[in-house]
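Chain by chain, the residues:
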Amino acid sequence: MRQSNLLIPTLREVPAEADLKSHQLLLKAGFIRQLASGVYNFLPLGKRVLRKVENIVREEMDRAGAQEIQMPALQPAELWQATGRWETMGNELMRLKDRHERDFALGATHEEVVTALVRDEVNSYKKLPFTLYQIQAKYRDEKRPRFGLLRGREFLMKDAYSFHEDFDSLDETYEVLFNAYKRIFERCGLNFRAVIADSGAMGGKDTHEFMVLSEVGEDTIAYSDESEYAANVEMAPVVANYSKSDTAELPLEKVETPNVKTMQEVADYLGHSLQEGMKAIMFKVDEEFVMVVTRGDHEVNDVKLKNLYDADIVELATEEETKQVVGAGFGSLGPINVPDSVDVIADQAVEYLVNATCGANEDGHHFKNVNPNRDFQVKQYADVRFILEGDPSPDGNGTIKFAQGIEVGHVFKLGTKYADALNASFLNKEGRAEKYIMGCYGIGVSRTLAAIVEQYHDESGIVWPKKLAPFEAHLINLNVKKDDQVELADQLYNKLLDAGIDVLYDDRNERAGVKFNDSDLIGVPYRIVVGKRANEGYIEFKHRETGDQEDIHIDEIVSKLK
Ligand code: ATP
Ligand code: MG
Ligand code: MG
Ligand code: MG
């Protein structure tokens, strides 16, 4: 395409609102423009790359046997009310009313819609299993939209949902999609890890996150270079996977809470939105008060929780929840703010958690991500072990390291949670109605694009991996006032197009310096410069990544690019 009539508004200055390289470069190089906080336009270059990421995702999803559909972003409130998420999603859910004052939400995710669709359209085990997916805008009114595409309020997600008659089938599909995710992020050229997410209560095998290693990532992961081992450390658990027999030896005792708080209050002071299933659990170990707040963004599997241990627990949740929970689970909410209003017991518990940012793996090992500014005493309760950087990896291979990660994908075994709430069942072989067992699988497509820029840039601009670049080659005519150069450049442009090469042609009447700067900023892998030697039929050929350049004859170009 001719650059003279393409909308590529490059900037000379780093935009003031952008702190991160990916955000700065995507703005500077004219790929995106902000419309409102966390809401972006994709300009021609941005749209091209987005489509490439999308296509990689689409190809691998299709190959994994998933079927592409498209569900509406506009969703009636009734569906969200049926699953309870109208309440528990809190402010993150974007809400609106139609002219008849009926409530709607903009899809933050599509479990409700897809479950209702399958409930109404499928009724036999014979159709199972199957996986539906879409690539579509999602809306989340994030508390802190920031870092450009990394945390938007409208962003592109690939979300997939699988439906099964039993857990074996779910496990199979989960593995197929897990491997598809690996291929997707490999094809995107990313340095990533698949990590165990929220492993304690979930048993470690039921949910994984795909984390791009990057210092700007908001998650902390523990991993070992010598093995596949990796876990999210975000969940700050304090208790381990006690089995009932261990409990007898534990010095646990019941604690009275003077002020029972509502979950909303607990969520508020943790600076987190109230999530479905979130529970705050308080107990006492060795004169230490410990509060564990379990994440609620998925089924904190009560069955597994029950297997943990039977300590006497006073929790801050509702009475009903008090009856259900007989054990403490993992997964808190990251860094915790201590408000003045917290009562004494909660205060000590919170302080304890502030001092320890830990994660757990499926064996109940705990990681302590050492904050060098704190004099933290590693504590040991029964089989709770804090693992420090350099300690042996729990799988016995290599040592533990900590790193920051950007969550680009998340795979999850949901069980029957949504089928139960929306009464979605099929007839099994015996003709009896059974609830669907489901899995869900997300990829942040626009976030992935930004993560690629985080990993692929230098001081002059973006350095796109070949398969993701907005164009394959950047043809630059250095002087549009010289007829022989224009003639050669035009001729080359057509030749490249004929050879099926996607070429960006800088035919603008601009100074050479401007053209070179823009070209480096945009980051197309190969640059072809028509300059002084045009009359001899020679052009300059430059590799963006290495900076290697050579003069080559125009007849050689197509073979160079193939
Ligand atoms: P995060 O922990 O970053 O808030 P999440 O766990 O809430 O993400 P999921 O519900 O797992 O997100 O959604 C699936 C994927 O969508 C995520 O793995 C991420 O790649 C992407 N995603 C989530 N929120 C955003 C956002 N605000 N902007 C861009 N991408 C997002
Ligand atoms: Mg989120
Ligand atoms: Mg997350
Ligand atoms: Mg997630």
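Computed from a prediction, not measured in an experiment: that's the story for all the values here.

A. View of the sheet that holds strand 29 (residues 538–543). Judged by pairing direction, the sheet is mixed, and its 5 strands sit side by side in the order 27-26-28-29-30 without closing on themselves. On the outer flanks of this sheet lie strand 27 (503–506) and strand 30 (549–553), each paired with one strand and no other. Neighbour to neighbour, the strand axes of the sheet diverge by 25 degrees on average, direction disregarded. In this structure, strand 28 (residues 526–530) lies alongside strand 29, joined through 4 bridges in antiparallel fashion. Across the sheet, residue V529 finds its bridge partner in strand 29, namely E540. Seen against the sheet, helix 15 (residues 483–498) touches strand 26 (473–477), strand 27, strand 28 and strand 29 and runs at an angle of roughly 170 degrees to strand 27. Running over the sheet, helix 16 (residues 512–522) touches strand 26, strand 27 and strand 28 and is turned about 175 degrees from strand 26.

B. Representation of the packing of helix 1 (residues 21–28) against helix 14 (residues 445–455) in the model. Where helix 1 contacts helix 14, the two axes come as close as 8 Å, and the packing angle between them is 100 degrees. By the angle between their directions, the pair helix 1 and helix 14 is classed as roughly perpendicular. Mapping the contact onto sequence places K21, S22, L25 and L26 in helix 1 and L449, A450, V453 and E454 in helix 14. Its residues placed into classes, the contact of helix 1 with helix 14 shows 5 nonpolar, 1 polar and 2 charged.

C. Representation of a negative patch on the surface. On the surface, D166, D168, E172, E175, E430 and E434 cluster together into a patch of negative charge. You can see E430 is positioned in the loop between strand 21 (425–427) and strand 22 (433–435). In this structure E430 comes out as exposed when scored by relative accessible area, which is 57%.

D. Quick peek at the site of ligand 1. Not every one of the 14 residues close to ligand 1 is listed here, only the nearest: E142, R151, G152, E407 and R447. Taking R151, its side chain carries an N or O atom lying 2.7 Å from an oxygen atom of ligand 1. A distance of 3.1 Å separates an oxygen atom of ligand 1 from a polar backbone atom of V408. Calculation on ligand 1 without its partners gives an accessible area of 580 Å², and the protein chains cover 84% of this total. The set of elements that each furnish at least two residues to the shell around ligand 1 consists of strand 8 (154–164) and strand 20 (400–415). Top element by residues in the shell around ligand 1 is strand 20. It accounts for 4 residues. Looking at the shell around ligand 1 residue by residue, the class counts come to 5 nonpolar, 4 polar and 5 charged.

E. Molecular detail of the environment of L128. Inspection of the secondary structure puts L128 in the loop between helix 5 (111–121) and strand 7 (130–139). Separated by 431 residues in the primary sequence, L128 and S559 have C-alpha atoms spaced 48 Å apart. Those residues in contact with L128 that lie beyond four places of it in its chain are F163, H164, E165, F426 and Y436.

F. Highlighting the nonpolar core. Formed by 60 residues in total, the largest nonpolar core has its most connected members in L26, F31, F185, F210 and W464. Once residues within four sequence positions are removed from consideration, F31 is found in contact with L26, N41, F42, L43, L45, G46, V49, I462, W464, P470 and I522. By size, the runner-up hydrophobic cluster in this structure holds 29 residues, among which are A419, F426, Y436 and M438.

G. Representation of the pattern of salt bridges. Scanning the model with the defined rule gives 35 salt bridges in all. Each of R12, D506, R508, K515 and D518 takes part in salt bridges that share partners, so that together they form one network.

H. Focus on the sheet that holds strand 5 (residues 94–97). Here we have 3 strands laid out as an open sheet, ordered 4-6-5, and antiparallel in their pairing. Of all the strands in the sheet, the pair left with one neighbour each is strand 4 (74–76) and strand 5. Adjacent strand axes in the sheet meet at a mean angle of 40 degrees, parallel and antiparallel pairs treated alike. As paired elements, strand 4 and strand 6 (residues 103–106) share 3 bridges and run antiparallel to each other. Its bridge partner lying in strand 6, Q75 is registered against A105.

I. Structural context of helix 6 (residues 167–187). Here helix 6 spans 30 Å end to end across 21 residues, near enough to the 30 Å set by a 1.5 Å rise per residue. S169, L170, T173, Y174, L177, F178, A180, Y181, I184 and F185 are the residues of helix 6 that are buried. Capping the start of helix 6 is the job of one residue whose side-chain oxygen sits 3.4 Å from the backbone nitrogen of D168: D166. Following helix 6 by one or two positions, G189 adopts a phi angle in the positive range, close to 75 degrees.

J. Structural view of the packing of aromatic side chains. In total, this model carries 13 aromatic pairs according to the counting rule given. On the numbers, 6.2 Å between centres and 80 degrees between planes, the contact of Y181 with F185 is edge-to-face. Here Y181 pairs with F185, and both are found in helix 6, just 4 residues apart, close to one helical turn. Comparing Y181 with F185, the two get one shared label, buried. Judged by centre distance (5.7 Å) and plane angle (35 degrees), the rings of F185 and F210 are tilted. Here F185, found in helix 6, pairs with F210, found in strand 10 (residues 207–213); they are 25 residues apart in sequence, far enough to count as distant. Just as F185 is buried, F210 falls in that class too. Within the aromatic cluster, the residues linked to one another by ring pairs are F178, Y181, F185, F192 and F210.

K. Spatial organisation of helix 1. Judged by how many residues are buried, helix 1 sits mostly within the fold: 7 of 8 residues are covered. Every buried residue of helix 1 is accounted for by S22, H23, Q24, L25, L26, L27 and K28. Structurally, helix 1 contributes buried residues whose contacts are with strand 1 (32–36), strand 2 (39–42), helix 14, strand 24 (457–458), strand 25 (461–462) and helix 16. Just downstream of helix 1 lies G30, where phi reads positive at about 75 degrees.

L. Region of the structure containing the pairing of strand 7. Across the 10 residues of strand 7, 9 count as buried, placing the element largely inside the fold. Examined bridge by bridge, strand 3 (residues 67–68) and strand 7 share 2 bridges and lie parallel to one another. The residue bridging E68 from the neighbouring strand is Y133, located in strand 7. Where strand 7 and strand 8 come together, 10 bridges link them in antiparallel fashion. Its bridge partner lying in strand 8, K138 is registered against F155.

Analysis parameters
- Residues numbered from 1 in each chain as written.
- Chains lettered and ligands numbered in written order.
- Predicted model: local features only at pLDDT ≥ 70, side-chain atom pairs only at ≥ 80, totals over all residues.
- Heavy atoms only, no water.
- Pairing = 2+ DSSP bridges.
- Helix = DSSP H or I, 4+ residues; strand = E, 2+ residues; numbered from the N terminus.
- Axes fitted to C-alpha atoms, helices over the stretch in contact; angles between N-to-C directions.
- Contact = heavy atoms within 4.5 Å.
- Parallel < 35°, antiparallel > 145°, perpendicular 65-115°, else oblique.
- Nonpolar A, V, L, I, M, F, W, Y, C, P; charged D, E, K, R; others polar.
- Patch = residues over 30% accessible without salt bridge, like charges linked within 9 Å, V, L, I, M, F, W, Y side chains within 5 Å.
- Areas by Shrake-Rupley, 256 points an atom, 1.4 Å probe, with all protein chains shown as cover.
- Salt bridge = Lys/Arg side-chain N within 4 Å of Asp/Glu carboxyl O.
- Lys, Arg positive; Asp, Glu negative; His and termini not counted.
- Charge placed at Lys NZ, Arg CZ, Asp CG, Glu CD.
- Buried < 20%, exposed > 50% of the residue type's maximum accessible area, 1.4 Å probe, protein only.
- Near = heavy atom within 4 Å.
- Polar contact = N/O pair within 3.5 Å; in protein donor to acceptor, adjacent residues only side chain to side chain.
- Core = buried A, V, L, I, M, F, W, Y, C linked by side-chain atoms within 4.5 Å.
- Expected span 1.5 Å × (residues − 1).
- Phe/Tyr/Trp six-rings, centres within 6.5 Å; stacked < 30°, edge-to-face > 60°.

Fair warning: the whole summary comes from geometry, so function is off the table for now.
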